[in-house]
Amino acid sequence: PRNIIIDTDPGQDDAVAILLALASPEDVNVLGVTTVAGNVPLDLTQKNARIICELAGFPDTLVFAGCDRPLNRPLVTAEHVHGKTGLDGPQLATPTMPLQDQHAVDWIIDTLRAAPEKSITLCPLGPLTNIATALQRAPDIKLAIAEIVLMGGGFFAGGNITPTAEFNIYVDPHAADIVFKSGLPLTVMPLDVTHKALTTKARVDTFRAMGTEVGRMTAEWTDFFERFDKGKYGSDGAPLHDPTVIAYLIAPSLFTGRHINVEIETQSELTMGMTVADWWGVTDRAPNCTFMGDIDADGFFALLAERLARLG
Ligand code: BDR
Ligand code: CA
């Protein structure tokens, strides 16, 4: 299995991504979950991460709190999508597992410094503040990073927080710029992919039919999440963004994309956080990421159903 660090701002779709990872030990070994301010403020994202790990039956997972605001801009949150708690929908338990004392960025740096070359994959599912801060503070950690696979951006699909920007990149475009310019192997799951991974009624019913707590919570989370996006993307259901990152680590053949140049807009208020993707190769800017464009959505949901059914 690959060693991974999940950097996240749960978020119902982050929750499903964490569940998928914890349910898939033959493919991924979750070294830790680092949390960042994003969908909701940090005190909630760190708490939510612990609720999710406990729900999955993995209370020994290391959970850290990281940056509570973007590098250069005030925090923008998304309660209008995720609800007040960030995990609205089902009744939530109060977590009993601990939050680690160390700051997430310090732990990321220490962990990467202690790791062999190219041995850890970073999986950012929220704004890139923690990852960019670590890369800035300790550029030597790049040696240990095998790859970064993140959810963020959008090109043909447009934006979901402004007409041109996707939420994770918009919240901290300066952090995203650092990550996209890092020179590290980068795979991106943009809205172009996630808007094809829709939680149709049949798919959500599959979760509910598991008859487990995880199945019920997943169905209630996706039901809640859906009310915001319903009808917007051409069929019933809402995009299930973040689990595509983990699915890619397990079954990369579910996705197709192009190795292209992507630059982040950090100047213009109008298009702040836009991922300017040179999909057609019209510039001579060097490719810096694999930008996915398509997903086998039925295969993706089949994988989710198979793996989540393993949890209690
Ligand atoms: C991204 O923003 C958040 O609201 C979701 O959790 C996902 O990471 C989608 O734009
Ligand atoms: Ca997220």
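All figures in this text were calculated on a predicted structure; none of them were measured in a lab.

**Points about the overall build of the protein**
Move 1: Counting secondary structure elements, the protein contains 12 helices and 10 strands.
Move 2: Relative to its 312 residues, the protein shows a buried fraction of 53%.
Move 3: Restricting to contacts in the protein with at least 6 residues of sequence separation, those with at least 24 account for 83%.

**Concerning the site of ligand 1**
Move 1: Neighbouring ligand 1 are 15 residues, the closest being G11, D13, E166, F167 and H241.
Move 2: Among the elements of the structure, α1 (12–22) and α6 (167–171) are those that each provide at least two residues to the shell around ligand 1.
Move 3: The residue makeup of the shell around ligand 1, split by class, is 5 nonpolar, 6 polar and 4 charged.

**What about the packing of helix α9 (residues 201–208) against helix α10 (residues 213–229)?**
When two helices pack together, their arrangement is given by the angle between the helix axes and the distance between those axes.
Move 1: In contact at an axis separation of 7 Å, α9 and α10 are set at 150° when each is read in the N-to-C sense. Considered as vectors, α9 and α10 are oriented roughly antiparallel to each other. For the pair α9 and α10, contact is made by V204, F207 and R208 and by G215, R216, T218, A219, T222 and D223, respectively.
Move 2: Looking at the contact of α9 with α10 residue by residue, the classes come out as 3 nonpolar, 3 polar and 3 charged.

**Description of α1**
Move 1: Burial of α1 is extensive: 11 of the 11 residues sit out of reach of the surface.
Move 2: Taken as a whole, α1 has its buried residues at Q12, D13, D14, A15, V16, A17, I18, L19, L20, A21 and L22.

**Some points on the sheet that holds strand β1 (residues 2–8)**
Move 1: Pairing within the open sheet is mixed, and its 8 strands lie in the order β3-β2-β1-β4-β5-β6-β10-β7. The open sheet is flanked by β3 (63–65) and β7 (255–260), the only strands paired with a single partner. Put simply, the sheet's adjacent strands are angled 25° from each other on average, direction ignored.
Move 2: Across 4 bridges, strand β5 (residues 145–151) lies against strand β6 (residues 186–189) in parallel orientation. Within the sheet, the bridge partner assigned to L150 lies in β6 and is V188.

**Focus on the pairing of strand β10 (residues 289–295)**
Move 1: Within β10, 5 of the 7 residues are buried, which leaves it mostly tucked inside the rest of the structure.
Move 2: Bridge count between β6 and β10: 2 bridges; the pairing is parallel. Bridging across to β10, V188 finds its partner in F291.
Move 3: Pairing of β7 with β10 involves 6 bridges; the strand directions are antiparallel. Within β10, the residue paired with H259 across the bridge is T290.

**Quick word on the environment of G38**
Move 1: As for its position among the elements, G38 is in the loop between β2 (28–35) and α2 (42–56).
Move 2: Judged by the 32 C-beta atoms lying within 10 Å of it, G38 is buried.
Move 3: With 48 residues separating them in the primary sequence, G38 and G86 have C-alpha atoms 9.5 Å apart.
Move 4: Contact partners of G38, with chain neighbours within four places excluded, come to D9, T45, G126, P127, N168 and V171.

**Points about unusual backbone geometry**
Move 1: With an omega dihedral of -5°, the bond running from P10 to G11 counts as a cis peptide bond.
Move 2: Considering the arrangement of structural elements, one finds G11 in the loop between β1 and α1.
Move 3: Backbone geometry at K118 places phi at a positive 45°, although glycine is not the residue there.

**A closer look at the nonpolar core**
Move 1: Ranked by size, the top nonpolar core spans 97 residues in total, and within it I18, L19, L20, A21, V245 and I246 carry the most contacts.
Move 2: In this view, I246 contacts A17, L20, A21, V28 and C123; residues no more than four positions away in its chain are not counted.

**Brief notes about the packing of helix α4 (residues 104–113) against helix α5 (residues 129–137)**
Move 1: Relative to each other, α4 and α5 sit at 55°, their axes nearing to 9 Å. Taken together, the axes of α4 and α5 are oblique relative to one another. Crossing of α4 against α5: the hand is right-handed. For the pair formed by α4 and α5, the contact residues are A104, V105, I108 and I109 on the first element and N130, T133, A134 and R137 on the second.

**Quick notes on the environment of L122**
Move 1: Take L122: it is sitting in strand β4 (residues 120–124).
Move 2: Residues in contact with L122, not counting those within four places in the same chain, are I5, D7, I131, I145 and I148.

**What to know about the confidence of the model for the protein**
Move 1: When pLDDT is averaged along the protein, the result is 96; 98% of the residues meet or exceed 70.
Move 2: Interface predicted TM-score (ipTM) for the complex: 0.99; the corresponding pTM is 0.98.

**Quick look at the environment of D14**
Move 1: When you line up the elements, D14 lands in helix α1.
Move 2: Remark: the alpha-carbon pair of D14 and P70, spanning 56 residues in sequence, is separated by 19 Å.
Move 3: Apart from residues lying up to four places away in sequence, D14 is in contact with T8, D9, L125, G126 and D242.

Rules used throughout
Residues numbered from 1 in each chain as written. Chains lettered and ligands numbered in written order. Predicted model: local features only at pLDDT ≥ 70, side-chain atom pairs only at ≥ 80, totals over all residues. Helix = DSSP H or I, 4+ residues; strand = E, 2+ residues; numbered from the N terminus. Buried ≥ 20, exposed ≤ 12 C-beta atoms within 10 Å, placed from the backbone. Contact = placed C-beta atoms within 7 Å. Near = placed C-beta within 6 Å. Nonpolar A, V, L, I, M, F, W, Y, C, P; charged D, E, K, R; others polar. Axes fitted to C-alpha atoms, helices over the stretch in contact; angles between N-to-C directions. Parallel < 35°, antiparallel > 145°, perpendicular 65-115°, else oblique. Pairing = 2+ DSSP bridges. Core = buried A, V, L, I, M, F, W, Y, C linked by C-beta atoms within 7 Å. Left-handed = near helix turned anticlockwise from the far one by under 90°. pLDDT = per-residue confidence, 0-100.

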